[in-house]
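Below, each chain spelled out in residue letters.
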Amino acid sequence: PPIVTLAGVGKTFDNGTEALAGVDLSVGRGEFLSLLGPSGCGKSTILRLVAGLDEPTTGVIDWHDGVAGRAAQRARNVGFVFQEPTLMPWAKVFENVWLPLRLKGVSRADAGPRIMAALESVGLADFATSYPRELSGGMKMRVSIARALATEPSVLLMDEPFAALDEITRFRLNDDLLHLWAEKAWTIVFVTHSVFESVYLSTRIAVMTGRPGHVATEVVVDEPSP
Ligand code: ADP
Ligand code: ADP
């Protein structure tokens, strides 16, 4: 069953740019969905709308997670991983992973086990007291994934997360992400312009054209997970 559905979603920005028009898309629970398409076709805009960071101009986004209403969007737990790991340089890895939980009022003591479990699952438990500058690019990205994981998001949105990494690190992270997804039964929406990455990672690919806004075709590359 879908966890979130976009129906007839359009987005026109204040400057008149029509980024999306008539997008119909549903995200199944537990699926690894890739949004594949060239730069500027509206992939990031879809993620921002799903995350509630912006409002669609037309159409509706329906959640099927039992959390009702627009006010609930704030409470709804959506994880976001960007291309830039956006870690606070002055804070240790542990504090960086704690931040979103801290903003929700979770104390250091209460968050501790979840933070360490998240770091463990990305192979960085030994780096909890390191600073971001002591880590490689791949390791920073792992911290960023751990930070999202620690909040136990119902949907994890990833916006070209590995695009800035070298190819070997990227392949490694692809593998690790796939294992994590299988292990944790996450729902992931993964934005990429890499055909390889989308085919390698996802259960389903939504191919978007450069034409303003259409999710032109959905190509099933594998059966969605149960
Ligand atoms: P993608 O993620 O596929 O590269 P985006 O969703 O970032 O595409 O952008 C889709 C279109 O909307 C592009 O033409 C982009 O320039 C435009 N756009 C994105 N954000 C804004 C904004 N805040 N204001 C105006 N135009 C925007
Ligand atoms: P990358 O993805 O950047 O190649 P990985 O995240 O795959 O790096 O890490 C590979 C391993 O190399 C890590 O688990 C870690 O043990 C070690 N490593 C990488 N960078 C450093 C570093 N700056 N300091 C200590 N160990 C490191």
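Treat the numbers as computed from the prediction; the structure is a model and nothing was measured. (Residues numbered from 1 in each chain as written. Chains lettered and ligands numbered in written order. Predicted model: local features only at pLDDT ≥ 70, side-chain atom pairs only at ≥ 80, totals over all residues. Heavy atoms only, no water.)

Student: I tried to follow the overall build of the chain on my own but got confused; where do I start?
Tutor: The helix and strand inventory of the chain stands at seven helices and nine strands. Across the 226 residues in the chain, those meeting the buried criterion constitute 50%. Expressed as a percentage of contacts within the chain between residues at least 6 apart in sequence, the contacts between residues at least 24 apart total 67%. Looking at the chain as shown, the accessible area adds up to about 10,800 Å², and 55% of this sits on carbon and sulfur atoms. (Helix = DSSP H or I, 4+ residues; strand = E, 2+ residues; numbered from the N terminus. Buried < 20%, exposed > 50% of the residue type's maximum accessible area, 1.4 Å probe, protein only. Contact = heavy atoms within 4.5 Å. Areas by Shrake-Rupley, 256 points an atom, 1.4 Å probe, with all protein chains shown as cover.)

Student: When you look at the environment of Val4 in this model, what are you seeing that I'm missing?
Tutor: Looking at the secondary structure, you find Val4 in strand E1 (residues 2-12). Along the chain, Val4 and Val207 lie 203 residues apart, while their C-alpha atoms are 18 Å from each other.

Student: Just checking my understanding: could you explain the site of ligand 2 for this structure?
Tutor: Surrounding ligand 2, one finds Phe127, Glu134, Ser136, Gly138, Met139, Arg142, Thr169 and Arg172. A distance of 2.7 Å is found between an oxygen atom of ligand 2 and a side-chain nitrogen or oxygen belonging to Arg142. Arg172 places a polar side-chain atom, nitrogen or oxygen, 2.6 Å from an oxygen atom of ligand 2. For ligand 2, whose unbound accessible area comes to 550 Å², protein coverage reaches 54%. Put simply, the parts of the chain that give the shell around ligand 2 at least two residues each are helix H5 (137-150) and helix H6 (167-184). It is H5 that contributes the most residues to the shell around ligand 2, three residues altogether. (Near = heavy atom within 4 Å. Polar contact = N/O pair within 3.5 Å; in protein donor to acceptor, adjacent residues only side chain to side chain.)

Student: Honestly, the site of ligand 1 in this entry has me stumped. Any pointers?
Tutor: Lining the immediate surroundings of ligand 1 are Phe13, Asn15, Thr17, Ala19, Pro38, Ser39, Gly40, Cys41, Gly42, Lys43, Ser44 and Thr45. Between ligand 1 and Gly40 there is a distance of 2.7 Å, counted from an oxygen atom to a backbone nitrogen or oxygen. Here an oxygen atom of ligand 1 sits 2.6 Å away from a polar atom, N or O, in the side chain of Thr45. The element contributing the most residues to the shell around ligand 1 is helix H1 (residues 43-51), with three residues.

These values are about where atoms sit, not about what they do.
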